[in-house]
Amino acid sequence: MNLFDYHRRESCEVHIGATPLGGENPIRVQSMTNTSTLDTEACVKQILRIAEAGGDYVRLTTQGVREAENLREINAGVRATGCMVPLVADVHFNPKVAEVAALYAEKVRINPGNYVDAARTFKHIEYTEEEYAREIEKIKARLIPLLHICRENGTAIRIGVNHGSLSDRIMSRYGDTPEGIVESCMEFLRICVEEDFREVVVSIKASNTAVMVRSVRLLVRAMEKEGMDFPLHLGVTEAGDGEDGRIKSAVGIGALLADGIGDTVRVSLSEAPEAEIPVARKLVNYIAGREGAMMIPALEAADFNYLNPVRRKTQAVRNIGGDLVPVVVADRMDLASDGRLKDFSAHPDFRPDYIYCGRNLPPVEEREGAYIVDADMWTGEENTYPAFPYNMLPFLSQCPADLKFLFLTYGALNEEVRACLKYHPEVVVISQSGHANRLGEHRALIHELTREGLRNPVIIFQQYAHGQEEKEDFQIESAADMGALLFDGLCDGLYLYNQGALDHRDIDATAFTILQAARLRTTKTEYIACPGCGRTLYDLQDTLARIKSATAHLKGLKIAVMGCIVNGPGEMADADYGYVGAARGKVSLYKKKVCVERNIPAEEAVERLLRLIRENGDDPNYVS
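Keep in mind it's a predicted model, so treat the numbers as computed, not measured.

Between helix 9 (residues 242–257) and helix 10 (residues 276–288), the shortest axis-to-axis distance is 11 Å and the interhelical angle comes to 35°. You can see that helix 9 and helix 10 cross each other, and the crossing is right-handed. Here helix 9 contributes Arg246, Ser249, Ala250, Ile253, Gly254 and Leu257 to the contact with helix 10, which in turn contributes Val279, Leu283, Val284 and Ile287. Residue composition of the contact of helix 9 with helix 10, grouped by class: seven nonpolar, two polar and one charged.

Dropping the structure here:
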C-alpha cells in the first residue's frame, strides 16, 4: 500500500437490502439496538431513531430462535413506516438461529469463535493435522447450509471475529495473537469462496486498539494474497462512553480509515445507540476529506514493517525518545486581552511534559515544569529550552543548550537540515504539516529521517481551529490524525495546538487520552466497557457511571464492565478486574481471567467490586 497518499482500498460490492456496501459506495455508518429483540415496539422505535440520526444499518441481538423469528415482525414494523434501513441479525453460539434470522434480516452476523467451536475454556488443546482438518470440515457442515439459505433469500453475511471470543482451537494453535484472529476469519472466508458466495462483509474487532489495527492490517494482506476483496466493517469493541469512548474509537478506527481501509463503521459507545451515529459520521467525513489531496513524493524506510511495526529507533534526549513513553507538549502562547499571561495552570492528572510559550515565558514563581521558548528569547534559564524554525539553522549550531527543538516540514528537509541533524543529536524535531493529508506528510518526514540514518526523536505537531462547543470535533479529529502514527511507532511526543476558544485543559487531557487509547502511556483508570445490546443483563450506563465515579482515582488500573458473557472473559482478558452480566439481574466478578464471585445480585455488585479491589490492595486511598 501507499503510506503517503490517501486512496480507499478497492472492495467488491455487497448487497444489503436497499443499501449496498463496498465498491464505489460511500463509507456506511451503523449502530445496534439495546432493546429486547422480543419487544417489537421498542425495537422498531429505536431502529427509527437510529435511522433518523443517519444510520445506514441497524443490528439486533438474536440470542435464540424466538428472537430470530421476531425479526419478521420487527422488519415489517419498520417497513410500515416507510423506513428502508437494512436490519442485521447478530448471532452467537447457535447456527440454527442464524438460519432462521437469514429469512427475515438483510444481513446476518456470525462469530467464527463460537459458531461451531465449543465455548472457550482457555484450555490448551493439541491437534494433529488430521484432527485439525476434521474441525474445518465441521465448520463447512454448519456454514454451507446457512450460505444456501442466504443465497435463496438475498441475505448477506458478516464474518465478525472478536478478539475476546477466539475459540480454544484457534488459541491452542496460534495463541492469543493477531495471526490467530486473522486465521479464525480466513477459515470461514475460504468456505464462502469455495461455495462462490460473495455477499460477505468482514470484521475484526478488539478492545485493545493496537491489536485491532494490526489484526485488520494483517487481514487485508491475507485476503489480498488469496484474491479476496470483501468489504470491511471497522470498530473498537468495549470503547466505553463519553470522551474516552470517542477518542479510543477514533484512534483505532481512524488509523485504518486514514489508510483507506474500511467500508462501514460502528463506534461502540456505552450510550444510547443513536448517539453513536453522529460520532461515526464525523470520523468518516473527516477522513474522507483527504480524497484527491495532492500527492506526496516520498519513499518508505527500508526497515519499516507496516504489518508488524516497532518503534522507530531514536537517541533519547533528556526524557524524549529512546524507549521512553511519548511526551506531551502543551501550547501556552496566547495572552489575555490586557497583555498579561492567562491562567494556564494544568489539570493535576494531565500535566504536560513541556509547555511551549513562544515569547511569553511566565515569571519563575508561576512556572510548572519545563518550558520551550523561541530561540531568540532563550537565555539559558533552568528548565527552559530553545525552539528554532528551520531557517535559523546557523544559530542552532551555536546554541549551547543540551536539548533543542526544531520545527520542520517535509518540504524543508534539505541537505543543510540533514547535516545539522546528523551533527546535533540533541535536537528534537517537531514535525509540522499543512497538507490536506497531514498523516502522509508526517510519515514522509519521519521515513526520510530514518532512511538517512538520523535518530533524532520526533514530536508530532497537529493544528486545529475549534471553539469550546466543538470539543468533540477536536477530540475525534486529533485522535484520528494520530492513530496510524502511534501504531506505526513513529511518535516520540504529541503537540496539539488549537487556534480557538477551546479550554487548554481539554486540549491537554485529549493528548494524554490519545496516548492511553493507543496503549502507549497510562495516566488514568481505563474502562473496558461494552455498548450494551439486547443481551445486556443489567443497567449498563448507570452501572458504568457508578463504577467510574468510585474508581477514577485508580490510575493505571483496567476495569471491564461487560453486559453479558458473550465477549466478557475474553475481551477483558488484560483487565485487572471484571464486572460481567451472568443472568438477568445477576453479576459475576473477575480478577484477571478468574471468576471469583458468581451470580451476585446486581444491586450489590458495584460495592462488592469495590471491596474486591480494596482487598487486593489496589486502592491506595483505602484504609482498613
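Right, let's talk about the environment of Arg214 for a bit. Here Arg214 is to be found in helix 8 (residues 209–225). Sequence spacing of Arg214 and Phe487 is 273 residues, and the spatial spacing of their C-alpha atoms is 8.2 Å. For Arg214, the contacting residues outside a window of four places in its chain are Pro178, Glu179, Leu307 and Asn308. Here the side chain of Arg214 touches Glu179 through a polar contact of 2.7 Å, side chain to side chain.

As a further point, take the sheet that holds strand 13 (residues 404–409). One closed barrel holds the eight strands; their spatial order is 9-10-11-12-13-14-15-16, and the pairing between them is parallel. Going across the sheet, the axis of each strand differs from the next one's by a mean of 25°, ignoring polarity. Relative to strand 16 (residues 493–498), strand 15 (residues 458–464) runs parallel, the two being bridged by six bridges. Paired with Tyr464 across the bridge in strand 16 is Asn498.

Turning next to the pattern of salt bridges. Taken as a whole, this structure holds 54 salt bridges when the rule is applied. In this structure, Asp259 engages Arg443 in a salt bridge whose closest nitrogen and oxygen atoms are separated by 2.7 Å. With Asp259 in the loop between helix 9 and strand 8 (264–265) and Arg443 in helix 13 (residues 438–451), this pair connects stretches of sequence that are 184 residues apart. Judged by its relative accessible area of 8%, Asp259 falls in the buried class.

Our focus in this paragraph is a negative patch on the surface. Together, Glu10, Glu13, Glu24 and Asp229 make up a region of like negative charge exposed at the surface. As for its placement among the helices and strands, Glu24 is situated in the segment before strand 1 (28–32). Given a relative accessible area of 81%, Glu24 falls into the exposed group.

Quick look at the state of the cysteines now. For the structure on display, the rule yields zero disulfides. Free of any disulfide, Cys185 has its nearest cysteine sulfur in Cys192, 9.2 Å distant.

Taken as a whole, this structure holds 11 aromatic pairs when the rule is applied. Judged by centre distance (4.7 Å) and plane angle (85°), the ring pair of Phe461 and Tyr495 falls under edge-to-face. Of the two residues, Phe461 is situated in strand 15 and Tyr495 in strand 16; the sequence distance between them amounts to 34 residues. Overall, Phe461 belongs to the buried group, its relative accessible area being 8%. Since its relative accessible area comes to 1%, Tyr495 is described here as buried. For the pair Tyr464 and Phe474, a centre-to-centre distance of 5.5 Å together with 90° between the ring planes defines the contact as edge-to-face. Taken together, the positions of Tyr464 in strand 15 and Phe474 in helix 14 (residues 471–487) put the pair 10 residues apart, joining distant regions of the chain. Assigned by exposure class, Tyr464 and Phe474 land together as buried. An aromatic cluster is defined as three or more aromatic residues linked by ring pairs; in this entry it consists of Tyr356, Phe407, Phe461, Tyr495 and Tyr497. Lying across the ring of Tyr132, Arg173 places its NZ or CZ 3.9 Å from the centre.

Attention now goes to the pairing of strand 14 (residues 427–432). Burial of strand 14 is extensive: five of the six residues sit out of reach of the surface. With six bridges joining them, strand 13 and strand 14 adopt parallel strand pairing. Each residue of the ladder has a partner; that of Phe405, found in strand 14, is Val428. Handedness of the crossover joining strand 13 and strand 14 through helix 12 (residues 415–423): right-handed. Alignment of strand 14 against strand 15, held across three bridges, turns out to be parallel. Its bridge partner being in strand 15, Ser431 is matched across the sheet by Ile460. In this fold, the crossover linking strand 14 to strand 15 by way of helix 13 has right-handed handedness.

In an α-helix, one turn spans 3.6 residues; hence positions three or four apart end up facing the same way. Between its terminal C-alpha atoms helix 15 (residues 504–517) stretches 20 Å, which fits the 20 Å expected from 14 residues at 1.5 Å a residue. Here helix 15 lies mainly inside the structure; 13 of its 14 residues are buried. Two or three places before Arg505, at the opening of helix 15, Asp503 has a side-chain oxygen 2.7 Å from that residue's backbone nitrogen. A positive phi of about 65° marks Arg519, the residue just after helix 15.

Thresholds, definitions, all that
- Residues numbered from 1 in each chain as written.
- Predicted model: local features only at pLDDT ≥ 70, side-chain atom pairs only at ≥ 80, totals over all residues.
- Heavy atoms only, no water.
- Axes fitted to C-alpha atoms, helices over the stretch in contact; angles between N-to-C directions.
- Helix = DSSP H or I, 4+ residues; strand = E, 2+ residues; numbered from the N terminus.
- Left-handed = near helix turned anticlockwise from the far one by under 90°.
- Contact = heavy atoms within 4.5 Å.
- Nonpolar A, V, L, I, M, F, W, Y, C, P; charged D, E, K, R; others polar.
- Polar contact = N/O pair within 3.5 Å; in protein donor to acceptor, adjacent residues only side chain to side chain.
- Pairing = 2+ DSSP bridges.
- Salt bridge = Lys/Arg side-chain N within 4 Å of Asp/Glu carboxyl O.
- Buried < 20%, exposed > 50% of the residue type's maximum accessible area, 1.4 Å probe, protein only.
- Patch = residues over 30% accessible without salt bridge, like charges linked within 9 Å, V, L, I, M, F, W, Y side chains within 5 Å.
- Areas by Shrake-Rupley, 256 points an atom, 1.4 Å probe, with all protein chains shown as cover.
- Lys, Arg positive; Asp, Glu negative; His and termini not counted.
- Charge placed at Lys NZ, Arg CZ, Asp CG, Glu CD.
- Disulfide = S-S within 2.5 Å.
- Phe/Tyr/Trp six-rings, centres within 6.5 Å; stacked < 30°, edge-to-face > 60°.
- Lys NZ or Arg CZ within 6 Å of the ring centre and 35° of its normal.
- Right-handed = clockwise from strand over helix to strand, strands pointing away.
- Expected span 1.5 Å × (residues − 1).

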